[in-house]
Amino acid sequence: MKINLDGRVSNIKAVWYEEPVIKMIDQRILPDAFKVVDIKNTKELFDGIRNMTVRGAPSIGAAAAYGIAQAKALGMDLEEAGKIIKSARPTANDLFFAVDFVLEHKEDAKKYAEIYVDSIVERSRLIGVNGNELIGKNKKILTHCNAGALASVDYGTALSPIRMASESGKDPFVWVDETRPRLQGAKLTAWELVQEGIRHKVIADNAAGFLMERGEVDLAIVGADRITENGDFANKIGTYEKAVLAKENGVSFYVAAPLSTFDFDIKNGRGIPIEVRGEDEVKEVKGVQISPKESMAYNPAFDVTPNRYVTGYITEYGIFKSSDLHKLKGKGKESTIEQIGSVQKGI
Ligand code: MRU
């Protein structure tokens, strides 16, 4: 992703590896400050995923893939390291997919971690190429949470088609849901769009229905943390209500995700484990308490949107309806960019 630091434009990924250190952009402090954090061992990686220094399903997967390479470089038991890394967060399928992918090639863990992360970048780019076809000139697109380059090493999932539309001169406009409680939209998506010079406005989470009803949203694109066999999917809390509002108002609603996010072992959304996070995330904003300290809070981090609300799934292999997702079964493990390309043509 292109970023502007002190007047200098650089190209940077959300996560990368300089053996034996995993480097990640600290997503907790953007847009106030830009900092890269060094992760030196499995315990630090567990903490970095859990406290959301790195977040967003494909970026979590990338960090986890490097985690196995790092554990090997440090002489750890790789199965044990995999168990610790997988226990950091429960919902994003990419975490489990990435650990298993590198463990399958443990004799060459560093090489396969790099292959995995390069393939995530290429898959994200292809999501952009495929999704760009849905976006006409000057369209207004709603997105929820951050499914941009920060969340997907580079390009993004939901933001990748928007980036491509912007690069191809279509001048898209983005409604950015602020995304309480952690404000990934207001902080991270808005920051990425500023870096890319893409027109946008941040809106309060409860403004989307009003805008849809007034005809101010042409389409919605969101990311996903886990998509089940029937197309139900988990994404940041608040996604479900946006999908229902979209259907009610005749707005097309797309989900963008690479195959690492698909879990064909789960039949429908009821089977997705949903992370519940701390009460403070709801009761505080930037460390300042906003609710009475006596009040309790409840903080489910994800919700599940049933497949009937989804117009299409934008993947690296093309755009699918829920009834066609079975064609993707068994894919997602191709380890070279050439293989992804040939599979894409084959569907
Ligand atoms: O809790 P987070 O910030 O990790 O949740 C992230 C999301 O819900 C994203 O929309 C999802 O991971 C898709 S990221 C490309």
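Our subject is the structure that appears above.
Residues numbered from 1 in each chain as written. Predicted model: local features only at pLDDT ≥ 70, side-chain atom pairs only at ≥ 80, totals over all residues. Heavy atoms only, no water.

Caption draft 1: Structural detail: the sheet that holds strand S5 (residues 36-39). Strand order in the open sheet made by the three strands is S3-S4-S5, with antiparallel pairing throughout. The sheet is open, and its two borders are formed by strand S3 (15-18) and S5, each paired with just one other strand. Averaged over all pairs of adjacent strands, the angle between their axes in this sheet comes to 25 degrees, without regard to strand direction. The pairing of S3 with strand S4 (residues 21-25) spans four bridges and is classified as antiparallel. Note that in S4 the partner of valine 15 across the bridge is methionine 24. Along the sheet, helix H2 (residues 57-73) makes contact with S3, S4 and S5, crossing S3 at roughly 15 degrees. (Pairing = 2+ DSSP bridges. Helix = DSSP H or I, 4+ residues; strand = E, 2+ residues; numbered from the N terminus. Axes fitted to C-alpha atoms, helices over the stretch in contact; angles between N-to-C directions. Contact = heavy atoms within 4.5 Å.)

Caption draft 2: Representation of the site of the ligand in the model. Around the ligand, the surrounding shell holds 18 residues, and the nearest of these are Arg55, Arg89, Gln184, Asn235 and Lys236. If the ligand stood free it would expose 420 Å²; the protein chains cover 100% of that surface. Those elements that provide at least two residues to the shell around the ligand are H2 and strand S11 (233-236). Across the shell around the ligand, the residue classes tally to eight nonpolar, six polar and four charged. Two domains each put at least three residues into the shell around the ligand: domain 1 (2-121) and domain 2 (131-327). (Near = heavy atom within 4 Å. Areas by Shrake-Rupley, 256 points an atom, 1.4 Å probe, with all protein chains shown as cover. Nonpolar A, V, L, I, M, F, W, Y, C, P; charged D, E, K, R; others polar. Domains from an automatic or database assignment.)

These values are about where atoms sit, not about what they do.
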